[in-house]
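What follows is each chain in one-letter form.
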Amino acid sequence: RLREQLAGWLAEGIGRVKVKVGRKPDDDPARLDAAREAIGDETELYVDANGAFGGKQALLCAEHYARNWGVSWFEEPVSSDDLEGLRLLRDRGPAGMDIAAGEYAYVPADFHNLLAAGAVDCLQADATRCGGVTGFLLAAALCESHGLDLSAHTAAAIHAHAACAAPRLRHVEWFHDHVRIERMLFDGALEPEAGMLRPNRSRPGLGLELRRADSQSYAV
């Protein structure tokens, strides 16, 4: 299933893919082998630990991931609250591997703390958590002031328009669960074109319209 999903992203023109690691570390080598087999050598491979590791353990894993699978992005190797641990990974991790965090930032001070600590190479922000589009754009402004890139975390349909206003945007995450639900329940859900999202300016707001008949069976 992992191979099928990752190959599907490539078929849609997406040039980088991400897999979870850390929940069952002993299983990760086989999963990363499968990922590389599915995407080949040219596609960027990212990993996300959701804060599963301690600092030194994460550093050892980072070196292993980079050496054996060419991983270039390590998301939340330690808890987002562990600013020293993130900084350790950023300072001592493999060359060419970006350390990312920020999806659990809720107020501007959370983003400021990550940036002021030098804890990330690329900041993440999630409009569904950080105060909507306004909070997302505040995170974008902080990135601009620190000379770092911003990545929109999941919810591609919500981020696509706001991301166009982020001066140092790197990418918008095309997240499997959100994409699946958007396609099931909404008209106007965006589709990638050669790996890029282009907001539909002919539709109002975020461009989404709930298909009420299709959603009725999920009503609570």
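Since the model is a prediction, treat every value here as computed from it, not as a measurement. (Residues numbered from 1 in each chain as written. Predicted model: local features only at pLDDT ≥ 70, side-chain atom pairs only at ≥ 80, totals over all residues. Heavy atoms only, no water.)

A. Expanded view of the pairing of strand β7 (residues 169-172). Pairing analysis gives three bridges linking strand β6 (residues 149-152) to β7, with the strands arranged parallel. Pairing of Leu150 across the sheet is with Leu169, part of β7. Crossover connection from β6 via helix α7 (residues 156-163) to parallel β7: handedness right-handed. (Pairing = 2+ DSSP bridges. Helix = DSSP H or I, 4+ residues; strand = E, 2+ residues; numbered from the N terminus. Right-handed = clockwise from strand over helix to strand, strands pointing away.)

B. Focus on a nonpolar patch on the surface. A grouping of Tyr104, Tyr106 and Val107 is seen on the molecular surface, where their side chains present a nonpolar patch of about 290 Å² in accessible area. With respect to the secondary-structure elements, Val107 resides in the loop between β4 (98-101) and α5 (108-116). (Patch = residues over 30% accessible without salt bridge, like charges linked within 9 Å, V, L, I, M, F, W, Y side chains within 5 Å. Areas by Shrake-Rupley, 256 points an atom, 1.4 Å probe, with all protein chains shown as cover. Salt bridge = Lys/Arg side-chain N within 4 Å of Asp/Glu carboxyl O.)

C. Representation of the packing of aromatic side chains within the structure. One pass over the full model with this rule turns up four aromatic pairs. Ring centres of Phe53 and Phe74 lie 6.5 Å apart, and the angle between their planes is 70°; this geometry places the pair in the edge-to-face category. Residue Phe53 is located in the loop between β2 (44-48) and α3 (55-69), and its partner Phe74 is located in strand β3 (residues 71-75); the two are separated by 21 residues in the primary sequence. We classify Phe53 as buried; its relative accessible area is 7%. On the basis of relative accessibility, which here comes to 0%, the residue Phe74 falls in the buried class. Aromatic side chains Tyr65 and Phe74 sit 5.4 Å apart centroid to centroid with 70° between the ring planes, which places their arrangement in the edge-to-face category. (Phe/Tyr/Trp six-rings, centres within 6.5 Å; stacked < 30°, edge-to-face > 60°. Buried < 20%, exposed > 50% of the residue type's maximum accessible area, 1.4 Å probe, protein only.)

D. A look at unusual backbone geometry. A positive phi angle, close to 50°, is found at Asn50, a residue other than glycine. As for its position among the elements, Asn50 is in the loop between β2 and α3. With a phi close to 45°, Ala155 is a non-glycine residue in the positive phi region. Counting through the fold element by element, Ala155 comes out in the loop between β6 and α7.

E. Here's a closer look at the nonpolar core. Grouped together as the largest cluster of nonpolar side chains are 50 residues, with contacts concentrated most on Tyr65, Phe74, Leu123 and Leu150. Of the residues forming this core, the biggest block, six residues, is contributed by α3. (Core = buried A, V, L, I, M, F, W, Y, C linked by side-chain atoms within 4.5 Å.)

F. Quick peek at the layout of surface pockets. Of the pockets and cavities examined, the largest pocket occupies roughly 1,100 Å³. Surrounding the largest pocket, 40 residues form its lining, Arg16, Val172, Glu173, Trp174 and Phe175 being those nearest its centre. The biggest single contributor to the lining of the largest pocket is strand β1 (residues 16-20), with five residues. Classifying every residue of the lining of the largest pocket by side-chain character gives 21 nonpolar, nine polar and 10 charged. The computed volume of the second largest pocket comes to approximately 200 Å³. (1 Å grid on protein atoms, 1.4 Å probe; cavity = no way out; pocket = protein on both sides within 12 Å on 5 of 7 lines; lining within 4 Å. Points joined across faces, edges and corners; volume = space filled by probe spheres on them. Nonpolar A, V, L, I, M, F, W, Y, C, P; charged D, E, K, R; others polar.)

G. Region of interest: the sheet that holds β6. In spatial order, the strands read β1-β2-β3-β4-β5-β6-β7; together these seven strands make up an open sheet with parallel pairing. Edge positions in the sheet fall to β1 and β7, since each of these pairs with one other strand and no more. For this sheet, the mean inter-axis angle between neighbouring strands, taken without regard to orientation, is 25°. Pairing of β2 with β3 involves four bridges; the strand directions are parallel. The partner of Leu45 across the bridge, within β3, is Val71. Against the sheet, α5 makes contact with β4 and β5 (122-125), and its axis sits at roughly 165° relative to β5, the strand it touches most. (Axes fitted to C-alpha atoms, helices over the stretch in contact; angles between N-to-C directions. Contact = heavy atoms within 4.5 Å.)

H. The arrangement of the packing of α3 against helix α4 (residues 83-92) in detail. Between α3 and α4, the least distance of the axes is 9 Å, while the angle of their chain directions is 30°. Put simply, α3 runs roughly parallel to α4. By crossing handedness, the relation of α3 to α4 is classed as right-handed. In this structure, α3 uses Gly55, Lys56, Ala58, Leu59 and Ala62 to contact α4, whose residues at the interface are Leu88, Leu89 and Arg92. Residue composition of the contact of α3 with α4, grouped by class: five nonpolar, one polar and two charged. (Parallel < 35°, antiparallel > 145°, perpendicular 65-115°, else oblique. Left-handed = near helix turned anticlockwise from the far one by under 90°.)

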